[in-house]
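Residues per chain, in single letters:
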Amino acid sequence: MRLKDVSILNPMYSCGNIEGNVSFVPMESLRNATIDYKEISFSEAKGKYTYFGNGDLLIAKVTPCFENGNIAIAKNMLHGTGFGSSEIFVLRMNERVMNTYMFYVTQASDFKDKACSTMCGVGGLKRISPLFMRTYSLNIPSIQEQKHIVSYL
């Protein structure tokens, strides 16, 4: 099964306007399994930064951030809404995949090695191919099995 069959890559913001601030994630605030949220006004963020919601998986797409494992699940955000660097891929999993399970998949060497092999760019700033993110092939166990795997890990 391809990643695009079980997730939305970089979902678009489709809710109404928010008065006040939302959570903001500059690249340096995304670390392995943790996010140090900043705040930014909604009017400043919408349309200028990458959108994500609570439960979405954030993956750094540039080197060396990706190789360093800068991947985390967004949670506990202001208004449940966040925006961040354009150098972040957002995966919103559907009901067939737990976001915590996918977090561990994206930390595995198979995923990292294949993602790194698609990186291109200049000036020392290479990026993972969006095509790779959409077409990465993986086996998806049942939700019950995913729960067992996540619990074990």
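For the structure itself, look to the data block above.
Anyway, here's the lowdown on the structure attached to this text.

How each quantity is defined
Residues numbered from 1 in each chain as written. Predicted model: local features only at pLDDT ≥ 70, side-chain atom pairs only at ≥ 80, totals over all residues. Heavy atoms only, no water. Patch = residues over 30% accessible without salt bridge, like charges linked within 9 Å, V, L, I, M, F, W, Y side chains within 5 Å. Areas by Shrake-Rupley, 256 points an atom, 1.4 Å probe, with all protein chains shown as cover. Salt bridge = Lys/Arg side-chain N within 4 Å of Asp/Glu carboxyl O. Helix = DSSP H or I, 4+ residues; strand = E, 2+ residues; numbered from the N terminus. Buried < 20%, exposed > 50% of the residue type's maximum accessible area, 1.4 Å probe, protein only. Polar contact = N/O pair within 3.5 Å; in protein donor to acceptor, adjacent residues only side chain to side chain. Contact = heavy atoms within 4.5 Å. Core = buried A, V, L, I, M, F, W, Y, C linked by side-chain atoms within 4.5 Å. Phe/Tyr/Trp six-rings, centres within 6.5 Å; stacked < 30°, edge-to-face > 60°. Lys NZ or Arg CZ within 6 Å of the ring centre and 35° of its normal.

## Quick word on a nonpolar patch on the surface
Together, Tyr104, Ile149, Tyr152 and Leu153 line one region of the surface with nonpolar side chains, adding up to about 440 Å² of accessible area. Note that Ile149 resides in helix α6 (residues 143-152).

## Points about the side chain of Ser7
Among the structural elements, Ser7 can be located in strand β1 (residues 7-9). The exposure class of Ser7 is buried, given its relative accessible area of 12%. Polar contacts involving the side chain of Ser7 include one to the main-chain carbonyl oxygen of Leu3, which spans 2.8 Å. With residues up to four places along the chain from it excluded, the contact list for Ser7 reads Leu91, Arg92, Met93 and Asn94.

## Comments concerning the nonpolar core
Among the nonpolar cores identified, the biggest contains 26 residues, and Leu3, Leu91, Met102 and Met133 are the most heavily contacted of them. Elements supplying a minimum of two residues to this core: α1 (3-6), β7 (57-60), β8 (71-73), β10 (88-93), α3 (99-107), α4 (109-117) and α5 (130-135). For this core, the leading source of residues is α3, giving four residues. Apart from the residues within four sequence positions on either side, Met133 is in contact with Leu3, Leu9, Ile59, Phe89, Leu91, Phe111 and Ile128.

## So, the packing of aromatic side chains
Two aromatic rings are characterised by how far apart their centres lie and by the angle between their planes. Inspection of every chain in the model, using the stated rule, returns eleven aromatic pairs. Relative to Tyr104, the ring of Phe103 lies with its centre 5.3 Å away and its plane at 75°, an arrangement referred to as edge-to-face. With a relative accessible area of 30%, Tyr104 lands in the partly exposed category. By the ring-pair criterion, three or more aromatic residues cluster together here, those being Tyr13, Phe42, Tyr51 and Phe83. Lying over the aromatic face of Phe89, Lys61 brings its terminal NZ or CZ to 4.7 Å of the ring centre.

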